[in-house]
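Breakdown of the fold
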Amino acid sequence: MVDALGVAVVGFGWMGRVHTQAYARVLHHFPRLTVRPEPVLVADEVPGRAEEAAARYGFAATTRDWREVAADPRVRAVSVTAPNFLHREIGVAMAGAGKHLWIEKPVGLTAGDARAVADAVAEAGVQGAVGFNYRNAPAVEAARELIASGEIGTVTHVRIRLFSDYAAHPDSALTWRYERERGGSGVLGDLASHGADLARFLLGEITSLTADTAVFIPRRARPAGATAGHALAPGGVLGPVENEDYVSCLLRFASGARGVLEACRVSVGEQNNYGFEVHGTRGAVLWDFRRMNELAVSRGTTYQDQPVSTVYVGPGAGEFGAFQPGAANAMGYDDLKVIEAYRFLRSIAEGTPYGATLTDAVRSAAALDAMARSARSGTWEDVRPA
């Protein structure tokens, strides 16, 4: 028997649409799921946006005040896809109202914010999931298993990169993303949060790090009205960019492995160039998000001049089989959010966490806080969860 589960979405920009579409698709790919998400309420403060979402995706009601979501007894699970500065207030309120919570990273502006949401979820006894979608790629899960099996020997070092051009245009609008008060960190929260999560997912806990950050476009134009995504605002009044465009970071892991994490939001010529290279004493495994369903793997006993093979993941890797029948059939970005929705809903149905949790958000945020401290101090910093 499949039980109906009233869901709401708070914040209906691009990520709000992705969450909603994932809810709509999840039972198509995971028919054994014992809960069926039903779109009850959508909240967005931009006039007309919630109404457009309701007309397009079938939400029963709309509101411009997210507090109405917390008060609505029909809503049992909430997706929080609002701007970063609202994550803590909304997340704590939703958990306090007994709502299961699927919240986008970085879960607030600091590790303290992420911890507050995690504590509220734990105290309320509800399930909490976080939008670290890249760990859901079947190839990434296959890489993790390969590393854990010892096939590439003892891991010695990893390089993680997240380069994008979404903020590279000098006329990009000065939205909340570029402000400390509302966006918190810049590329740390946007991209390096994913990098920290991937590092932990693949290699275990980060113990210390040292980082450097930079702002390469120091002034941007203020938009005349509400914006979505990364809109341009040519000719607008210029204001200061308050958070970083770029970060480079050296990592030390509890295992003794070393790492490099580099992220940039203004990399001209790079579109979602995300990936990792993990090296061990007997081999290596490499992944590029732009070729999401492939791994490059080197393993054997020759060490020097050892070849690298391309492996196309298939139904035996992660949740690949829920989408495609055989290896080398492509999956896409939105499929990763369907996997995330499935694991969130399964957590609710079974009362056991699946996928990325608020604990993972706290750990990632602790690494980001340490990066910010290190960039200011110029020293190595311990990674201390809030």
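The structure presented is a predicted model; accordingly, all values stated were derived computationally and were not measured.

Here's the deal with helix α1 (residues 14–29)
Compared with an ideal rise of 1.5 Å per residue, which puts 16 residues at 22 Å, α1 spans 22 Å between its outermost C-alpha atoms and is within 8% of the ideal. At Tyr23, α1 is deflected by roughly 35°, the largest bend along its length. Taken together, the buried positions of α1 are occupied by Met15, Gly16, Val18, His19, Thr20, Ala22, Tyr23, Val26 and His29. On the buried face of α1, the contacting elements are β1 (3–10), β2 (35–43), α2 (49–57), β4 (77–80), β5 (100–103) and α9 (333–350).

Description of the sheet that holds strand β14 (residues 283–288)
With respect to topology, nine strands assemble into an open sheet ordered β16-β15-β14-β13-β7-β12-β11-β8-β17, the strand pairing being mixed. Strands at the two margins of the open sheet, each flanked by one partner only, are β16 (309–312) and β17 (381–382). Note that strand β7 (residues 155–163) and strand β13 (residues 273–280) share eight bridges and pair antiparallel. Looking at β13, one finds that Leu162 is bridged to Tyr274.

With respect to the pairing of β13
For β13, the tally of buried residues reaches seven of eight residues, placing the bulk of the element in the interior. In this sheet, β14 lies alongside β13 in antiparallel orientation, the contact comprising five bridges. Its bridge partner being in β14, His279 is matched across the sheet by Ala284. Hairpin geometry of β13 and β14 is characterised by an intervening segment of two residues between the two adjacent antiparallel strands.

Some points on a nonpolar patch on the surface
A contiguous nonpolar surface patch, about 240 Å² in accessible area, is contributed by Leu250, Val260 and Trp380. Positionally, Val260 belongs in strand β12 (residues 258–264).

Considerations on α2
Among all positions of α2, only Arg49, Ala50, Ala53 and Ala54 are buried. For α2, the angular spread of buried residues about the axis comes to 140°, placing them on one side. Residues of α2 that are exposed and point over 90 degrees away from its buried face: Glu52, Ala55 and Arg56. On its buried side, α2 packs onto β2 and β3 (61–63). Just beyond α2, the residue with positive phi is Gly58, at close to 85°.

Reading the values: rules and limits
Residues numbered from 1 in each chain as written. Predicted model: local features only at pLDDT ≥ 70, side-chain atom pairs only at ≥ 80, totals over all residues. Heavy atoms only, no water. Helix = DSSP H or I, 4+ residues; strand = E, 2+ residues; numbered from the N terminus. Expected span 1.5 Å × (residues − 1). Bend = angle between axes of the 7 residues up to and from the residue. Buried < 20%, exposed > 50% of the residue type's maximum accessible area, 1.4 Å probe, protein only. Contact = heavy atoms within 4.5 Å. Pairing = 2+ DSSP bridges. Patch = residues over 30% accessible without salt bridge, like charges linked within 9 Å, V, L, I, M, F, W, Y side chains within 5 Å. Areas by Shrake-Rupley, 256 points an atom, 1.4 Å probe, with all protein chains shown as cover. Salt bridge = Lys/Arg side-chain N within 4 Å of Asp/Glu carboxyl O. Arc of directions from axis to C-beta.

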